[in-house]
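# Structural overview
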Amino acid sequence: MRANSSMRAKFLIFTVVFFSFFLTVRFVSCINYCGVQLELIFHNYSCLAKSFSESFMNYIETVWVMEELTGISIIDSSYDFSVIKEQIDSFREKGIENIYIYDGEGRNIYSFYVSRKNFTLKPFLDDVINGKDKIVTINYDDSGESNIWAVSAIKKEGDLKGIAAVCINANILGKYLQIIDNEAYGLDYHYSVMDNSGNVVYCSNNKVKPCNMLCFTDGTEINGNDLHKKEILRSFLSNNPKSISADFPVEGIDWSFRITLPSETIKPWFYWQIKNDLMMMSVFALFSLIAYLLLNKRIIEALSKFSEASIKVINGDYSARIRLDGYKELKEASDNFDRMLDTIERNQQTKTEYLMNIFHDIKNPLNVIFASMQLMENYKSINDPESFRSKVLTQVKLIRQNCYRLMRLTRNLIDINKHDNGFLKIKLCNYDMVKLIKGITDSVKKYTELKGINLIFTSELESQIMACDPDMIERIILNLISNAIKFTDRDGTITVSIRQLDNGNKLLLMVQDTGIGIPKNKLNTIFDRFKQAEDLFNRNKEGSGLGLSVVKAFVNAHQGDISVKSEYMKGTTFYITLPVITVDNAADCPPVKNSTSSNVLNSLNIEFSDIYSGFEEEVS
């Protein structure tokens, strides 16, 4: 439970940390989103300002051109007054109300006005005389109405010939600036024109408060150099203004263009983002709760069962099982765990059988040897030399046979251990496999005849040169024949045969007997170590159960395969398939041992030690 509580605590901590991280990320995302939206607004502002600047300056440039043409005509006395008056009347429709023409020294030589404006132009005339070419300024008349004055120098061949001044009605000017389409930008804004002193020249909404800086209309100001989203957003959120405004310079003159946007146009973006974040946080909280409940019920409880079963196994109880239902992955894991426990339980049983076999196969020969030695000591009282010699020789044979049995068991254990640890080395040389196997079979033939068993060797090939380890092949054949002898009664038949497979690329070796056979439920285990076809405690034949494991190890060392087919009480056939290959060290290959040599007889005594002793005497 401590582990489970720890996992729950870790999950809760993870949830809190992740939720905090999520809130932080979403807050930063909200700030960035809103800041980007404000940046987008100011980007649109700059586009509007540029559009206004171009339209406004186009209008002023047109006025300056009209001033220059009219002024030159009047100063050169080459004008037709009626034509000039007609031109001036046309300009009046565009907001021009007063026209004054001066000579190069600032004396008025022509005036045309609709209403006299109480405004002196002398400071601006002096500026033109002193070198300025064009001036735009603003004044207010007695009624408080704003008027724009456009003053320009009239030059001919670079010399100042006169000065022209035009008064423009700012209110009429507004209709020429309506080229900016609010709907095109999707913003409910209004704008105003401001001179270099902060005076409002024209405003599309008279309620706008004048301000020279990027500002909010409730008086909060932000310097134009700080025009970036964080500062704008911080000021917007902290002051909660009714509207937001920004000033942009008019290219060509020292005036500015202000655009003002109601905050209600912007606030829905913020509210939408906050609402979206709250919904996401609610969904995440619900998901975390569901995940916690599922984790607690489906995962933590499952892990508890795993833990309890593991503790039982550690304590030696291999009967523990989990058997979970539910999620496919958990069920597969529990099934695999249960199968693992089944395997462990079987292996534990096999281990017990393994040790019991070892003890049995070591104890029996030792008991015989010890008993023979005791008997030999008791033979000292026998006075008849022939009787003493006969009895001693009998016990020596028993001692020798059981020594062979111990040697066979020890040798098999060593070979199996080498195979399991990857140290089993094969010494390949090129031999005539038909001749080699026939020689091994013939070496046993006289013995099988004494047992009343017919041993037959057949081959479809006269010769087959291939690489093999002759000592391993000898032990394979002798082991399979000794097994066949154990379970074949008198007048039975053992057949060793050779065939060719796969167009000569493989060699098939078969050892077939007419013995009692192997039950079907035992066929899958006979190659496992210390497994025998007969029950452990009901064995009619001696043997450790390692022989076929060693055979399989030797066959695998040759890159071959071994299999078995059997029918109970009708016989058994072992099939060994070996690849037909050759090696290049033919000159270093030792000769095949003679079937009557002492080495072959010694091998026979060792391999047949479980079923017979004194083979060399019997066949001599």
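Residues numbered from 1 in each chain as written. Predicted model: local features only at pLDDT ≥ 70, side-chain atom pairs only at ≥ 80, totals over all residues. Heavy atoms only, no water.

Note on placement: aspartate 342 falls in helix α8 (residues 328–378). The spatial distance from the C-alpha of aspartate 342 to the C-alpha of serine 319 is 8.1 Å, given a sequence separation of 23 residues. (Helix = DSSP H or I, 4+ residues; strand = E, 2+ residues; numbered from the N terminus.)

Read across the open sheet, the five strands follow the order β13-β15-β16-β18-β17; overall the sheet is mixed. Bordering the open sheet on either side are β13 (454–459) and β17 (561–567), each of which pairs with just one other strand. Mean inter-strand twist for the sheet, computed between neighbouring axes without regard to direction, equals 15°. Alignment of β17 against strand β18 (residues 571–579), held across seven bridges, turns out to be antiparallel. (Pairing = 2+ DSSP bridges. Axes fitted to C-alpha atoms, helices over the stretch in contact; angles between N-to-C directions.)

A separate point is a nonpolar patch on the surface. On the surface, Phe14, Phe18, Phe21 and Val25 cluster together to form a nonpolar patch covering roughly 400 Å² of accessible area. Along the chain, the position of valine 25 falls in helix α1 (residues 2–75). (Patch = residues over 30% accessible without salt bridge, like charges linked within 9 Å, V, L, I, M, F, W, Y side chains within 5 Å. Areas by Shrake-Rupley, 256 points an atom, 1.4 Å probe, with all protein chains shown as cover. Salt bridge = Lys/Arg side-chain N within 4 Å of Asp/Glu carboxyl O.)

On to the packing of helix α11 (residues 470–486) against helix α12 (residues 547–557). With their axes 10 Å apart at the nearest point, α11 and α12 run at an angle of 145° to one another. Where α11 crosses over α12, the handedness of that crossing is left-handed. Where α11 approaches α12, its residues Met472, Arg475, Ile476, Asn479, Leu480 and Asn483 are matched on the opposing element by Gly547, Leu548, Val550, Val551, Phe554, Val555 and Ala557. (Left-handed = near helix turned anticlockwise from the far one by under 90°. Contact = heavy atoms within 4.5 Å.)

For the coordinates displayed, the defined rule picks out ten salt bridges. Linking glutamate 345 and arginine 321 is a salt bridge whose minimum nitrogen-to-oxygen distance equals 2.8 Å. Taken as a pair, glutamate 345 in helix α8 and arginine 321 in the loop between α7 (263–314) and α8 lie far apart in primary sequence, 24 residues in all. A network of salt bridges, in which partner residues are shared, links Asp103, Glu105 and Arg107.

It is worth spelling out the nonpolar core at this point. One finds Met433, Ile437, Val444 and Ile473 to be the most contacted residues of the largest nonpolar core, which totals 53 residues. With nine residues, α11 is the single largest residue contributor to this core. Leaving out residues up to four positions away in the same chain, valine 444 has contacts with Leu455, Leu478, Ile481, Ile485, Leu604 and Phe608. In terms of nonpolar packing, the next biggest core, distinct from the first, is built from 36 residues, Phe56, Ile99, Ile154 and Ala246 among them. (Core = buried A, V, L, I, M, F, W, Y, C linked by side-chain atoms within 4.5 Å. Buried < 20%, exposed > 50% of the residue type's maximum accessible area, 1.4 Å probe, protein only.)

The subject of this paragraph is the packing of helix α10 (residues 433–450) against α11. The contact between α10 and α11 brings their axes to 10 Å, and the two run at 35°. Taken as a pair, α10 and α11 cross one another with a handedness that is right-handed. Between α10 and α11, the contacting residues are Met433, Leu436, Ile437, Ile440, Thr441, Val444, Tyr447 and Thr448 on the first element and Pro470, Ile473, Glu474, Ile477, Leu478, Ile481 and Ile485 on the second. For the contact of α10 with α11, a count of residues per class yields twelve nonpolar, two polar and one charged. (Nonpolar A, V, L, I, M, F, W, Y, C, P; charged D, E, K, R; others polar.)

A separate point is the packing of aromatic side chains. Within this structure, the stated rule accounts for three aromatic pairs. Aromatic side chains tyrosine 100 and tryptophan 149 sit 5.9 Å apart centroid to centroid with 35° between the ring planes, which places their arrangement in the tilted category. Within this pair, whereas tyrosine 100 is found in strand β1 (residues 96–103), its partner tryptophan 149 is found in strand β4 (residues 146–156), the two being separated by 49 residues in sequence. The pair formed by tyrosine 100 and tryptophan 149 is uniform in burial state, with each residue classed as buried. One residue, lysine 134, lies across the ring of tryptophan 64, its end atom 5.5 Å from the ring centre. (Phe/Tyr/Trp six-rings, centres within 6.5 Å; stacked < 30°, edge-to-face > 60°. Lys NZ or Arg CZ within 6 Å of the ring centre and 35° of its normal.)

The element α12 is largely enclosed, with a buried count of eight among its eleven residues. In this fold, the buried residues of α12 make contact with α9 (385–420), α11, β17 and β18. Of the residues one or two after α12, glutamine 559 is the one with positive phi, at around 60°.

So, on to the side chain of threonine 488. For threonine 488, the location among the structural elements is in the loop between α11 and β15 (493–501). Here alanine 484 takes part through its backbone oxygen, which lies 2.5 Å from a polar atom of the side chain of threonine 488. What threonine 488 contacts, discounting residues up to four positions off in sequence, is Ile453, Thr493, Ile494, Asp513, Thr514 and Gly515. (Polar contact = N/O pair within 3.5 Å; in protein donor to acceptor, adjacent residues only side chain to side chain.)

Once that is clear, we can look at the pairing of β15. The pairing of β13 with β15 spans six bridges and is classified as parallel. Across the sheet, the residue bridging to isoleucine 456 is threonine 495, located in β15. As defined by bridge partners, β15 adjoins strand β16 (residues 506–513) across eight bridges and the pair is classed as antiparallel. When the bridges of β16 are listed, leucine 501 appears paired with lysine 506. Counted along the chain from β15 to the antiparallel partner β16, the turn is four residues long, and its residue aspartate 502 has a positive phi close to 55°.

Moving on: the confidence of the model for the protein chain. With 74% of its residues at a pLDDT of 70 or more, the protein chain has an overall mean of 76. Of all the helices and strands in the protein chain, strand β9 (residues 221–222) carries the lowest mean pLDDT, 44, while β16 carries the highest, 96. The low-confidence segment residues 533–540 (pLDDT under 50) makes 15 contacts with residues lying over four places distant or belonging to another chain. Note that residues 614–620 has pLDDT below 50 and, in this model, 15 contacts with residues that lie over four places away or in other chains. (pLDDT = per-residue confidence, 0-100.)

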